[in-house]
Amino acid sequence: MTSPAPDRRAPTGAARSSVQQSPVMTLLVLVATLGILVYSAFLLNPANRGDVIPWVLVISAESILVFHALLSMWTILAGGNDPRDFTYHRARDALFGRSGAGDPTQWPLEIAGRRVTVDVFVTVYGEDVEVVRRTVAAAVAIRGRHRTWVLDDGRSDQIRDLAAELGARYVRRLSSGGAKAGNVNHALTLARGDFFAVFDADFVPDPAFLHETMPFFADDAVAFVQTPQTYGNLHTTIAKGAGYMQAVFYRFVQPGRNRFNAAFCVGTNVVFRRAAIDAVGGIYTDSKSEDVWTSLVLHEQGWRSVYIPTVLAIGDAPETVEAYAKQQLRWATGGFEILFTHHPLSPRRRLSADQRIQYFVTATFYLTGITPLLLLLVPPLEIYLDLRPMDLSISVGTWFLYYAGFYLMQIGLAWFTLGSFRWQTLTLAAVSFPIYLKALVNAFTHRDVGWQSTGTARGASPFTFIVPQVLFFVFLALTSVVAVWRDWGNGVPTLATAWNLTNTVILGAFLMAAAREARELRRGRAGHAHITLPPAPAEPATGPTVVVARPAAAPGTEAAPRPAPTPNPTRTPAWATVLGPEERPTRDAPAALPRRRMRRSCGHDMGKPGETVLRTRRRAGRGRGPHRDLQPAPDSGAQFLLPDRGRARGRGHRLRRPRGRAARRRGRYGRRGRSPVRDRELVARARRRARAGGG
């Protein structure tokens, strides 16, 4: 008796979500918008202006906050429509054709009456093995025929074995050029699917992921479909603050951007059309925020994007100060890079008016994280220098009425969205200004911030990353003591004292959370085990070496027996040390090697299932490359793609520079130090060595 096939009409578990806005939500947005406008008029009224310096600080900070608040409200109000139209539902019903029995992971996928292939990429860079295991296992179990690839930039043999165990393909690069974007682009030279999905190593996809996203591609103009980031590890102050900080964006702002065709990719939980990525030259690699940049380039080329607020993957939020700081630095730097190098409002951008506004909001969003720095300086200016931002005739009650119309309504909107008030979000928003200020400087000076995935924090003390916050806390604490002493002597409490005390308490709460984290690290109870990444070797001038490992043979097929390994008495090339001893090539019997011409681009001859394919190119400037006379070890199942030595010069490879007497003839025969006769001699010698197969 066979078990009934799973329901293909409804997503499972967490995948269910509603995108319809409630009337209460719309009312809150309208009231909050009104409060923003009233507060702006109060600040800009010349009759209310106080001293110039604090007034300019307040106006600068509040202008940024008001601008982004108004545009957020506008975007939220535009997001009431569900992107799932009649075309989507028709394509969804026909996605699996008549498949209703057998293994759901092998059901063929059909879009517009044509069968399509899908590749699922899981990007790995040093995450814990168990974290990767649950993600890869879930990716393999996604319903619909697909191929799962583990893209391991951490170069871990444990991850390679894990991929083989779970039945996923494994790809390893020996260089990490382009970071995550380069990893995906490299995998695209190997994979041949019509579509590909990308998941970070810590995001576990739902089995219905393809069922919910693929029907949108019935529209040939759709380039990618993005789903939200939702976190399942909200058990620390940092994780809660980082997770809840994005809740409003993913639930309400991103759906509103659908209205303007400006929803952008967030790097994970997304599926792309291969043709669209090929049309723009691959995933954008010149920024660590490759997701937003790729979306911008696609939109400039006229492609469509779709965002659905249906939770189809659960991941991990940054749990430590280090992970949070590096994540926010990477994201903020990418946003500021758009502002400085690819300004959305420039007439050279091929974007609609709505898209320009939305991308300008994206590029300037992290300026809102710098505004707390300006507001932190206002109370000390009054306490020490008696400089006030507002006129003395304005009472505290009047000021609070206007201020509450702006900030309390923002808190109320967040309360309605999250179900409660999350002080962790307020804390992180108030203390993250050093991160965003550093990102602004990095983007302006074109400084590379490096790459580190969220789940691979090194376990360093959190106070290493929050030195500015510690110094500000000490300054504000001393200022609070001075303010209380002053008010006690005057007999009148002031707004500046209350404001400064509030800022001190917020910074103190953050430092207490950092102290708890440091104590847990000292006790050895960090959230995840640390994996030490091997140092990346120097990147060769003509392209990286690529190792591609396939899954083991399917059950029921008998693998061919392998002979015993042959001892290798000679030295092993340095680049081969990343392979296991049984996979390293030897120099024995070179004459038995098949002579084949090397392809110009790595990643075409895919080999057979169960094989390990090693591709390499000759390094520039060296005629005796590391693969000159190597052959695979008999037990490795490896295949080397070698160049044809008789045509080495025609394929752009340089012969070895002459040494000794020939090198001393440099002034006689030019910079290369060789005469035409000498060149012919070297070519003839190389051909004789190739035919002899020796050194």
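Residues numbered from 1 in each chain as written. Predicted model: local features only at pLDDT ≥ 70, side-chain atom pairs only at ≥ 80, totals over all residues. Heavy atoms only, no water.

Asker: What's the story with the pairing of strand β6 (residues 195-200) in this structure? I'm lost.
Answerer: For β6, the buried fraction is high: five of the six residues fall into the buried class. Sheet topology note: the strand β3 (residues 118-124)/β6 ladder contains six bridges and is parallel. Note on β6: the bridge partner recorded for Thr-123 is Asp-200. Pairing of β6 with strand β10 (residues 270-273) involves four bridges; the strand directions are antiparallel. Looking at β10, one finds that Phe-196 is bridged to Phe-272. (Buried < 20%, exposed > 50% of the residue type's maximum accessible area, 1.4 Å probe, protein only. Helix = DSSP H or I, 4+ residues; strand = E, 2+ residues; numbered from the N terminus. Pairing = 2+ DSSP bridges.)

Asker: Before we go on, may I ask you to explain unusual backbone geometry in this structure?
Answerer: Here the phi dihedral of Ala-179 falls at roughly 55 degrees; this positive angle occurs in a residue that is not glycine. With respect to the secondary-structure elements, Ala-179 resides in helix α6 (residues 179-188). Ala-179 sits in the buried class, given a relative accessible area of 11%.

Asker: Just checking my understanding: could you explain the confidence of the model for the protein chain for this structure?
Answerer: Regions with low pLDDT should not have their predicted coordinates read in detail. Residues with a pLDDT of 70 or more make up 72% of the protein chain, whose mean pLDDT is 77. Overall, residues 1-19 carries pLDDT values under 50, and its contacts beyond four positions in sequence, including any with other chains, amount to 38 contacts. When the criterion is pLDDT under 50, residues 549-658 qualifies, and its contacts beyond four places in sequence or with other chains add up to 217 contacts. (pLDDT = per-residue confidence, 0-100. Contact = heavy atoms within 4.5 Å.)

Asker: Got a minute to help me understand a positive patch on the surface in this structure?
Answerer: A contiguous patch of positive charge, built from Arg-685, Arg-687, Arg-688, Arg-689 and Arg-691, is present on the exposed surface. Topologically, Arg-691 is positioned in helix α21 (residues 676-692). (Patch = residues over 30% accessible without salt bridge, like charges linked within 9 Å, V, L, I, M, F, W, Y side chains within 5 Å. Areas by Shrake-Rupley, 256 points an atom, 1.4 Å probe, with all protein chains shown as cover. Salt bridge = Lys/Arg side-chain N within 4 Å of Asp/Glu carboxyl O. Lys, Arg positive; Asp, Glu negative; His and termini not counted. Charge placed at Lys NZ, Arg CZ, Asp CG, Glu CD.)

Asker: Sorry, what's going on with the pairing of β10 here?
Answerer: Two faces, one strand: in a regular strand the side chains alternate between the faces of the sheet. Burial along β10 is two-sided: Val-270 and Phe-272 and Val-271 and Arg-273, pointing in opposite directions, are all buried. Here strand β8 (residues 222-226) pairs with β10 via three bridges, running antiparallel. Among the inter-strand pairings, Phe-224 is bridged to a residue of β10, identified as Phe-272.

Asker: For this particular structure, what's the right way to read the pattern of salt bridges?
Answerer: When charged atoms on two side chains of opposite charge get close, those side chains can pair. Overall, the coordinates contain 20 salt bridges when judged by the stated rule. In this structure, Arg-147 and Asp-119 form a salt bridge, with 2.9 Å as the shortest nitrogen-oxygen distance. Here the residue Arg-147 occupies a position in strand β4 (residues 147-152), and Asp-119 occupies one in strand β3, the gap between them amounting to 28 residues. Its salt-bridge partner being Asp-200, residue Lys-180 comes within 2.6 Å of it at the nearest N-O pair.

Asker: I tried to follow helix α11 (residues 290-300) on my own but got confused; where do I start?
Answerer: Working note: α-helix, 3.6 residues per turn, so residues spaced by three or four point in the same direction. The element α11 is extensively covered by neighbouring structure, given that eleven of its eleven residues are classed as buried. Every buried residue of α11 is accounted for by Glu-290, Asp-291, Val-292, Trp-293, Thr-294, Ser-295, Leu-296, Val-297, Leu-298, His-299 and Glu-300. Taken from the residues just after α11, Gly-302 is the one with a positive phi, measuring 95 degrees.

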